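Given next are the chains, with one letter for each unit.
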Amino acid sequence: MDPCAEVERLYRKLIGATESHSLLKKHLTNNIYTRLKCLKTKFNGTLADCIRSGCENTDSGVGVYASDPDAYTVFAPLLDAVIKDYHKVSELNHPNPDFGDVDKLDFGDLDPEGNLIVSTRVRVGRSHDSYGFPPVLKLEDRVEMEKKTVEALNKLEGELKGTYYPLTGMTKETQKQLTDDHFLFNDSDRFLRAAGGYNDWPTGRGIFFNDNKTFLVWVNEEDHLRFISMQKGGNLKEVYVRLVKAIKALESSGLSFAKREGLGYLTFCPSNLGTTLRASVHIKIPKLSQTPDFKAFCDKYNIQARGIHGEHTESVGGVYDISNKRRLGLTEIQAIQEMRRGVEAVIAEEKKLG
Ligand code: ADP
Ligand code: CIR
């Protein structure tokens, strides 16, 4: 089959989508398309692999996924433009990791009265540096990655010590309960599905967690790895300190993660690059969320509102997921502070409206 046939079909679909506002639509100019359409990465990734989701789902916000770490080099004319636009930076010079001095954090509980914040969660993504991303992965790759990951996870100690539960063999009831309780992922995101994110589902996927489910690791969901720290209430300090401890432990456990000068840690979606950090609260904001200026308010503080069952879901009962939007071009501690300032502003505004 002609290797360029699929990409041409996809591109024509995008051109026809005059209502699309995705970053893919904005940045895949005819000139860039012509330059990139027949290139391949070291992992055999193609332009079609990178744009399939955004062309099949023209209502995407971003619309692009990297086929593999090398796509960030081969398809840089498209990906760099998308990255700069999403993270609001003019240059790609992401700083070295900096988690701040965790013994001297100037924040604790963002909602000491416990009225508005239901729970707090901070996650980062990591990719094994020798594997591609979902569009180019084979079933055996996923199984191998799962094995390596579990070996490293089994070395964790203290409050991070836990158990790995593969999705294969997990009952539907357990999966549903863990998902409803906001711990587990599922295969219901059509954007990720179109990008190949659910190929060979559920093989190679699973979840690791400690006894009280405050530290969790997702294996082979969107990214090879997601490290998650979460708990009820608004204590951002406790959640963040636990996550930093986990990142440090896993980085010295024999795993090697994909990183690139100027881009930080590499992830499947360009919206997650850099720190890969998303710090969120589930917060009751029935008043602010109903104001016509809610979106503008969030934009002003570089925060994003999602529904409470994850991206592309709806709010329930006025509770929203509020998180930092930018992950690249700032350090981990700066991303946390950006979220903290945003959440404090949201709380102040909700109280003002009450
Ligand atoms: P991510 O990009 O961080 O993986 P998603 O938007 O897909 O995030 O959400 C993943 C899961 O995490 C969902 O089940 C969501 O409800 C849950 N979640 C996100 N933030 C919080 C929070 N602050 N408290 C509890 N659960 C959360
Ligand atoms: C989209 O383009 O809408 C989906 N592929 C999701 C992109 C990730 N979203 C985000 O805001 N971090």
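Here goes a summary of the coordinates provided.

**Quick notes on empty space enclosed by the protein**
Over the atoms rolls a probe the size of a water molecule, and its path tells where empty space is left.
And then number 1: Per the counting criterion, the structure on display carries one cavity of 30 Å³ or more.
And then number 2: Roughly 40 Å³ of volume is contained in the largest cavity.
And then number 3: Lining of the largest cavity is provided by Pro134, Leu137, Arg142, Gly197, Arg205, Asn220, Glu221, Glu222, Asp223 and His224.
And then number 4: Each residue belonging to the lining of the largest cavity can be placed in one class, and the counts come to two nonpolar, three polar and five charged.

**Quick look at the packing of aromatic side chains**
And then number 1: One pass over the structure, following the stated rule, counts eleven aromatic pairs.
And then number 2: Both rings, one in Phe133 and one in Phe268, keep their centres 6.1 Å apart while their planes meet at 55°; by these two values the pair is tilted. Here the residue Phe133 occupies a position in the loop between strand S1 (117-126) and helix H7 (139-153), and Phe268 occupies one in the loop between strand S7 (264-265) and strand S8 (278-284), the gap between them amounting to 135 residues. Of the two residues examined, Phe133 and Phe268, each falls in the buried class.
And then number 3: For the ring pair Tyr198 and Trp201, a centre distance of 5.3 Å and an interplane angle of 80° mean the geometry is edge-to-face.
And then number 4: Grouped by ring-pair contacts, the aromatic residues Phe185, Tyr198, Trp201 and Trp218 constitute a single cluster.
And then number 5: Over the aromatic face of Tyr265 sits the side chain of Arg126, whose NZ or CZ is 3.5 Å from the ring centroid.
And then number 6: Its end group placed over the ring of Tyr86, Lys325 keeps NZ or CZ at 5.1 Å from the ring centre.

**Observations concerning unusual backbone geometry**
And then number 1: Cis geometry is adopted by the peptide bond preceding Pro202, which originates at Trp201 and carries an omega value of 0°.
And then number 2: With respect to the element layout, Pro202 can be found in the loop between helix H9 (190-194) and strand S3 (206-210).
And then number 3: Positive phi values are uncommon outside glycine, yet Thr276 reaches one of about 65°.
And then number 4: Looking at the secondary structure, you find Thr276 in the loop between S7 and S8.
And then number 5: We note that Asn302 has phi near 55°; this positive angle belongs to a residue other than glycine.
And then number 6: Inspection of the secondary structure assignment puts Asn302 in the loop between helix H11 (294-300) and strand S9 (303-306).
And then number 7: By relative accessible area, Asn302 is classed as partly exposed at 24%.

**Comments concerning the sheet that holds S9**
And then number 1: The eight strands are arranged S2-S3-S4-S5-S1-S8-S10-S9 in an open sheet whose pairing can be described as antiparallel. Either end of the sheet is taken by a strand with one partner, and the two such strands are strand S2 (162-166) and S9. Recorded for the sheet is a direction-independent mean angle of 20° between the axes of neighbouring strands.

**Here's the deal with the site of ligand 1**
And then number 1: The environment of ligand 1 is made up of 18 residues, and the closest members are Ser119, Arg121, Ser280, Arg306 and Ile308.
And then number 2: Between ligand 1 and the protein, one listed contact pairs an oxygen atom with a side-chain N or O atom of Arg121 at 2.7 Å.
And then number 3: Residue Arg226 places a side-chain N or O atom 2.9 Å away from an oxygen atom belonging to ligand 1.
And then number 4: Starting from 560 Å² of accessible surface for ligand 1 in isolation, the protein chains cover 92%.
And then number 5: Among the elements of the structure, S1, strand S5 (225-232) and S8 are those that each provide at least two residues to the shell around ligand 1.
And then number 6: Considered class by class, the residues forming the shell around ligand 1 number four nonpolar, seven polar and seven charged.

About the criteria used
Residues numbered from 1 in each chain as written. Chains lettered and ligands numbered in written order. Predicted model: local features only at pLDDT ≥ 70, side-chain atom pairs only at ≥ 80, totals over all residues. Heavy atoms only, no water. 1 Å grid on protein atoms, 1.4 Å probe; cavity = no way out; pocket = protein on both sides within 12 Å on 5 of 7 lines; lining within 4 Å. Points joined across faces, edges and corners; volume = space filled by probe spheres on them. Nonpolar A, V, L, I, M, F, W, Y, C, P; charged D, E, K, R; others polar. Phe/Tyr/Trp six-rings, centres within 6.5 Å; stacked < 30°, edge-to-face > 60°. Helix = DSSP H or I, 4+ residues; strand = E, 2+ residues; numbered from the N terminus. Buried < 20%, exposed > 50% of the residue type's maximum accessible area, 1.4 Å probe, protein only. Lys NZ or Arg CZ within 6 Å of the ring centre and 35° of its normal. Pairing = 2+ DSSP bridges. Axes fitted to C-alpha atoms, helices over the stretch in contact; angles between N-to-C directions. Near = heavy atom within 4 Å. Polar contact = N/O pair within 3.5 Å; in protein donor to acceptor, adjacent residues only side chain to side chain. Areas by Shrake-Rupley, 256 points an atom, 1.4 Å probe, with all protein chains shown as cover.

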